[in-house]
Amino acid sequence: MEKEIFEQPDSIRRAIRGRLKEGKIKIPSIEKIYPDRILIIGCGTSYHAGLLGKYYFEDISGIPTEVETASEFNYRSVPKEENVLAIFISQSGETADTITSLLKCRDLGYDLFTITNSVCSTLAREAGKGIYQYAGKEVSVASTKTFTSQATILLMMACYFGKAEADYISKIPELIKEVLEGNEIDDLVDSLPSRAMYASGPSLQTLEEVIFLGRQSMYPVALEASLKLKEVSYINSQAYPSGEIKHGPLALITEDTPVILFAAQNNLEKKNSSTSSEVSLRGGEVVIVRKSNQQITGKKFAEVVMPDCNDYVAPILSVIFFQLFALRVAIRKHQFENINIDKPRNLAKSVTVE
Ligand code: M6R
């Protein structure tokens, strides 16, 4: 997992290579597609990438977009519609639920399109049209580099459909490098509320739960960060859209529950500041994830600061910090146990049964 996290500058470079020329996106497989609506389908991490894709498609190209987990889509009635582009996201290209969704979308007469890391996989073959991620083999069960390359590809597709300037995308690999070279996450793990956390033995006080919050494009980031932590550290975590916490989850806040607030969004500084206050006023230890040029007011326990970047790139950088967080916490937690972080209990890399 660690190796794959640190490969991200290169995997993103490969996702972009040949597809971005003079600030414009050139992707032959999406030329001549002009959808009225987009439907994105995936599972787990790939579904989270799809949620971020919805934000990109609607914000950059103005195309109405829905996202659904394959396992839900497969068993409900879906009204027929004209000119729908169905995008299937799958690292392996072999996920049974997603393949079933593709067959259902074919019956509905939708245009089929796959984003996958596996050349010649079932989804790539069945869709006939798509984009390869070229992220390199991902061995760890917990997906990391494939999420960020899926997100980058969705961003490029949104720029293509929206005829938007895309030069900032070429800077992503360097920005990721900067994030990976920093100490933010090691410092954060050292300073968490359960201060002696896993320092010298599993019998010490342990971190029991982490809450992740995010608005808009940062909500999928919160979901993905939460999934990573659960998978590799077996620590319970929840993710909520920031505005929802006052509708119930605030009851969970205690001084032993770190609340990670993804807030690297220029246009939402005020809203993110008020969420931070809502949590800290109840005694919660808020960790703000923000850009270097931003101010999020209110009492906070710690900050994770990323380089200044375009708002569409910030979710990608934010996720990388918390891939590292999940890994570092898991290493400490499992240090006296014989646990392979790359193969979490009960999970498989590719889920080929429904
Ligand atoms: O191969 P796929 O992207 O279709 O796999 C879907 C999920 O099983 C997968 O993303 C899973 O959630 C991740 N490996 C979790 O890190």
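Residues numbered from 1 in each chain as written. Predicted model: local features only at pLDDT ≥ 70, side-chain atom pairs only at ≥ 80, totals over all residues. Heavy atoms only, no water.

Draft legend 1. A look at the confidence of the model for the protein. On average, residues of the protein carry a pLDDT of 93, and 96% of them reach 70 or more. Segment residues 200-205: pLDDT under 50, and nine contacts once partners within four positions in sequence are set aside and those in other chains are kept. (pLDDT = per-residue confidence, 0-100. Contact = heavy atoms within 4.5 Å.)

Draft legend 2. Layout of the nonpolar core. Formed by 86 residues in total, the largest nonpolar core has its most connected members in Ile87, Met157, Ile169, Phe212, Phe262, Phe322 and Phe325. Here phenylalanine 325 is in contact with Ile185, Leu188, Val189, Leu192, Phe212 and Leu229, once residues within four sequence places are set aside. Ile99, Leu102, Leu108 and Tyr110 belong to the second-largest nonpolar core, a separate cluster that totals 16 residues. (Core = buried A, V, L, I, M, F, W, Y, C linked by side-chain atoms within 4.5 Å. Buried < 20%, exposed > 50% of the residue type's maximum accessible area, 1.4 Å probe, protein only.)

Draft legend 3. Expanded view of unusual backbone geometry. The backbone of glutamine 216 sits at a positive phi, close to 50°, despite the residue not being glycine. Along the chain, the position of glutamine 216 falls in the loop between β8 (209-214) and α10 (218-233). Overall, the relative accessible area of 54% leaves glutamine 216 in the exposed class. In the Ramachandran plot, asparagine 346 falls in the positive-phi region, its phi being about 70° despite a non-glycine side chain. Within the element layout of this structure, asparagine 346 appears in the segment after α12 (314-333). (Helix = DSSP H or I, 4+ residues; strand = E, 2+ residues; numbered from the N terminus.)

Draft legend 4. Region of the structure containing the side chain of serine 242. When you line up the elements, serine 242 lands in the loop between β9 (236-241) and β10 (258-262). Serine 242 has contacts with Leu213, Gly214, Arg215, Leu261 and Thr275, leaving out every residue within four places of it along the chain.

Draft legend 5. Quick look at the environment of serine 217. With respect to the helices and strands, serine 217 occurs in the loop between β8 and α10. Residue classification places serine 217 among the buried residues on the basis of a relative accessible area of 2%. Linking serine 217 and lysine 54, residues 163 residues apart in sequence, is a C-alpha distance of 8.8 Å. Those residues within four positions of serine 217 in sequence are excluded, and the remaining contacts are Leu52, Tyr55, Gln265 and Pro315.

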